[in-house]
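# Summary of structural features
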Amino acid sequence: GCSSVGRESFIQPVENFIPGKISFNKEDIYINVNQIEDKLAQQQVFQGIEPKIKGFNQQCNPMGQSGRLVLKINQRTLWEGYYQKNSLAITGEIYNEAQELLLQKTTLVSGKDSILQVKFQRKYIGSLVDSLTKDWMALASVESEE
């Protein structure tokens, strides 16, 4: 099994924000497995997440501010006796056009599962991206406290 340890979020309140489309490129995915960049996993994650972003973009306000999604995934392998465990940090960030960080979410996971498994990618990265796009839409309703 796998245990999701924690989620941390950062939301930068924005006045008069109209959420628009989110751009997402393969180059905006950084995956390191035991400190080695993994291009195959990068391609897999891109293929899994891109349709979500395309679907999101079809429904959002084209006149709104655009954002850019960046994914950073680090996996380390640990050995406990004969058993291999993976420790993962998955961070999703959305930047605005001025390259300011507006949203950030991190999920920490440890267990036998690996970033290289598609079901793992769907479960953790997919749900992280879903919650980021929800927060992106919610930025519009954040009232600033004067």
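Data block above holds the structure.
The helix and strand inventory of the protein stands at two helices and seven strands. In the protein, the succession of α and β elements from N to C terminus is β-β-β-β-α-β-β-β-α. Taking 146 residues into account, the globule formula puts the C-alpha radius of gyration at 15 Å, and the protein, at 16 Å, falls close to it. Each principal axis of the C-alpha atoms in the protein carries an extent, and together these give about 55 × 30 × 25 Å. Across the 146 residues that make up the protein, the buried fraction comes to 41%. Considering only contacts in the protein between residues 6 or more positions apart, those separated by 24 or more positions represent 70%. The protein carries 16 positive and 17 negative side-chain charges, and their two centres are separated by 11 Å.

Quick look at the pairing of strand β6 (residues 83–95) now. Strand residues, when the strand is regular, have side chains that alternate between the two faces of the sheet. Pairing geometry for strand β5 (residues 65–80) and β6, over 13 bridges, is antiparallel. Its bridge partner being in β6, threonine 77 is matched across the sheet by asparagine 86. Bridge count for β6 against strand β7 (residues 101–111) is ten bridges, and the pairing is antiparallel. Looking across to β7, one finds that isoleucine 90 is bridged to threonine 107.

Right, let's talk about the nonpolar core for a bit. The biggest cluster of nonpolar side chains holds 32 residues, and the ones touching the most others in it are Ile49, Leu69, Leu71, Ile125 and Trp136. Going through the elements one at a time, β3 (29–33), α1 (39–59), β5, β6, β7 and α2 (118–138) are the ones with two or more residues in this core. A total of seven residues in this core trace back to one element, the largest contributor, which is α2. In this structure isoleucine 49 touches Phe24, Leu69, Leu71, Ile125, Gly126 and Val129, once residues within four positions along its chain are discounted.

All right, on to the packing of α1 against α2 then. α2 packs onto α1 with a crossing angle of 35 degrees between their chain directions and a minimal axis gap of 10 Å. Both α1 and α2 take part in a crossing whose hand is right-handed. Seen from α1, the contacting residues are Ala41, Gln44, Val45, Ile49, Lys52, Ile53 and Phe56; seen from α2, they are Val118, Gln121, Ile125, Gly126, Val129, Asp130, Thr133, Trp136 and Met137. When the residues that make up the contact of α1 with α2 are grouped by side-chain class, the tally is ten nonpolar, four polar and two charged.

This part is about α1. Its 21 residues place the ends of α1 30 Å apart at the C-alpha level, agreeing with the 30 Å of an ideal helix rising 1.5 Å per residue. Its maximal kink placed at isoleucine 49, α1 deviates by approximately 30 degrees, while the proline proline 51 follows within four residues. The inward-facing, buried residues of α1 abut β2 (19–23), β3, β5 and α2. Backbone nitrogen of leucine 40 and a side-chain oxygen of the N-cap are separated by 3.1 Å at the start of α1; the cap is aspartate 38.

About the criteria used
Residues numbered from 1 in each chain as written. Predicted model: local features only at pLDDT ≥ 70, side-chain atom pairs only at ≥ 80, totals over all residues. Heavy atoms only, no water. Helix = DSSP H or I, 4+ residues; strand = E, 2+ residues; numbered from the N terminus. Rg over C-alpha atoms; globule rule 2.2 N^0.38 Å. Buried < 20%, exposed > 50% of the residue type's maximum accessible area, 1.4 Å probe, protein only. Contact = heavy atoms within 4.5 Å. Lys, Arg positive; Asp, Glu negative; His and termini not counted. Charge placed at Lys NZ, Arg CZ, Asp CG, Glu CD. Pairing = 2+ DSSP bridges. Core = buried A, V, L, I, M, F, W, Y, C linked by side-chain atoms within 4.5 Å. Axes fitted to C-alpha atoms, helices over the stretch in contact; angles between N-to-C directions. Left-handed = near helix turned anticlockwise from the far one by under 90°. Nonpolar A, V, L, I, M, F, W, Y, C, P; charged D, E, K, R; others polar. Expected span 1.5 Å × (residues − 1). Bend = angle between axes of the 7 residues up to and from the residue. Polar contact = N/O pair within 3.5 Å; in protein donor to acceptor, adjacent residues only side chain to side chain.

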